[in-house]
Amino acid sequence: MSDTPTAATVVLVRDGKGAIEVLLLQRPDRGTFAGGWVFPGGKVEPLDEAHDELATARNAGVRETAEECGLIVAPDDLLPLSHWSPPANLAARFNTWFFLAEAPEGEIVLQAAEAIAHEWIRPADALKRHGAGRLRLFPPTWVTLDTLLAFPTVEAARRAIAARGPADYATKQDPERGLALWAGDEAYDGAADTDEGPRHRLHVGSLPWRFEHR
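Moving on: the pairing of strand 11 (residues 200-203). Both faces of strand 11 are covered, namely the face carrying H200 and L202 and the face carrying R201 and H203. Examined bridge by bridge, strand 10 (residues 179-181) and strand 11 share 3 bridges and lie antiparallel to one another. Pairing of L181 across the sheet is with R201, part of strand 11. Inspection of the sheet shows strand 11 paired to strand 12 (residues 210-213) by 4 bridges, in the antiparallel sense. Paired with H203 across the two strands is R210, which belongs to strand 12. As consecutive antiparallel partners, strand 11 and strand 12 are separated by 6 residues.

Two aromatic rings, taken as a pair, are described by how far apart their centres are and by the angle between their planes. Going through the model one piece at a time under the given rule, you end up with 10 aromatic pairs. Arranged with centres 4.9 Å apart and planes meeting at 65°, the rings of F33 and F138 form a pair that is edge-to-face. Taken together, the residues F33 in the loop between strand 2 (20-26) and strand 3 (37-38) and F138 in the loop between helix 2 (123-131) and helix 3 (139-148) connect sequence positions 105 residues apart. Under the relative-accessibility criterion, F138 is labelled buried at 17%. With centroids separated by 6.4 Å and ring planes inclined at 45°, the aromatic side chains of W142 and W209 adopt a geometry described as tilted. Taken together, the positions of W142 in helix 3 and W209 in the loop between strand 11 and strand 12 put the pair 67 residues apart, joining distant regions of the chain. Here the two residues W142 and W209 agree in accessibility, since each one is buried. An aromatic cluster of at least three residues, connected via ring pairs, comprises F39, W84, F98, W142, Y169, W182, W209 and F211. When the ring centre of Y188 is taken as reference, the NZ or CZ atom of K172 above it lies at 4.3 Å.

The next subject is the environment of T4. Structurally, T4 is set in the segment before strand 1 (6-15). For T4, a relative accessible area of 16% corresponds to the buried category. Measuring from C-alpha to C-alpha, the distance between T4 and N95 comes to 6.3 Å, with 91 residues separating the pair along the chain. With residues up to four places along the chain from it excluded, the contact list for T4 reads P86, R93, F94 and N95. Looking at T4, its side chain comes within polar contact range of the side chain of R93, at 3.2 Å.

So, about the nonpolar core. With 30 residues, the main nonpolar core has V11, V13, V22, L24, L100 and L148 as its most contacted residues. Broken down by secondary-structure element, the contributors of at least two residues to this core are strand 1, strand 2, strand 5 (79-85), strand 6 (95-102), helix 2, helix 3 and helix 4 (154-164). If one sorts the elements of this core by residue count, helix 3 sits on top with 4 residues. Excluding anything up to four places from it in sequence, V22 contacts V11, L12, V13, F39, E119, W120, I121, P123, L145 and L148. One finds A8, V62, L78 and W120 within the second-largest nonpolar core, a separate group that totals 20 residues.

Each value, and the rule that gives it
Residues numbered from 1 in each chain as written. Predicted model: local features only at pLDDT ≥ 70, side-chain atom pairs only at ≥ 80, totals over all residues. Heavy atoms only, no water. Buried < 20%, exposed > 50% of the residue type's maximum accessible area, 1.4 Å probe, protein only. Helix = DSSP H or I, 4+ residues; strand = E, 2+ residues; numbered from the N terminus. Pairing = 2+ DSSP bridges. Phe/Tyr/Trp six-rings, centres within 6.5 Å; stacked < 30°, edge-to-face > 60°. Lys NZ or Arg CZ within 6 Å of the ring centre and 35° of its normal. Contact = heavy atoms within 4.5 Å. Polar contact = N/O pair within 3.5 Å; in protein donor to acceptor, adjacent residues only side chain to side chain. Core = buried A, V, L, I, M, F, W, Y, C linked by side-chain atoms within 4.5 Å.

Here it is in structure tokens:
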């Protein structure tokens, strides 16, 4: 069993005009993800403990969402979307479950210590603004937004994600080439690139970032 603490992230989505919208929160200019735009979430606390890791992470996601933005979701409404394991060189390391949930009705009430702004935004618009240097994202958020581009409605997203199950992202980094790498990429275990080799990587060395998965 990993000694890395568990965390949970909740991707709140709603139907918009021609595309789904997601809720992003801007973190303060300090601490983990300083100044970045993220989904609600945080680390598991003792009161979240349940009979297994997934149930515990669901409880943490529900609690963190309520604390950070005032919206109440039920644990059973959290659909596992992905699981992220951090690269070895990060100072703050968490194994993080990402869950998809349809946004409930209610007013956004931010906890000032956790978030200083919020925005409902289409994934395509968030990625475009990030590429222009106007919205700070981190790789798990970027990849999640890219994943959601395919779905025109919340129902379509939930059906597809439930059918495929959660994706696993055990991240490795290649700082010299500006890459985040995941299993399935030919360079994931240190092999050299070939022209036609399999790819599962995010180019993060310069904007706009570029995702390759083949």
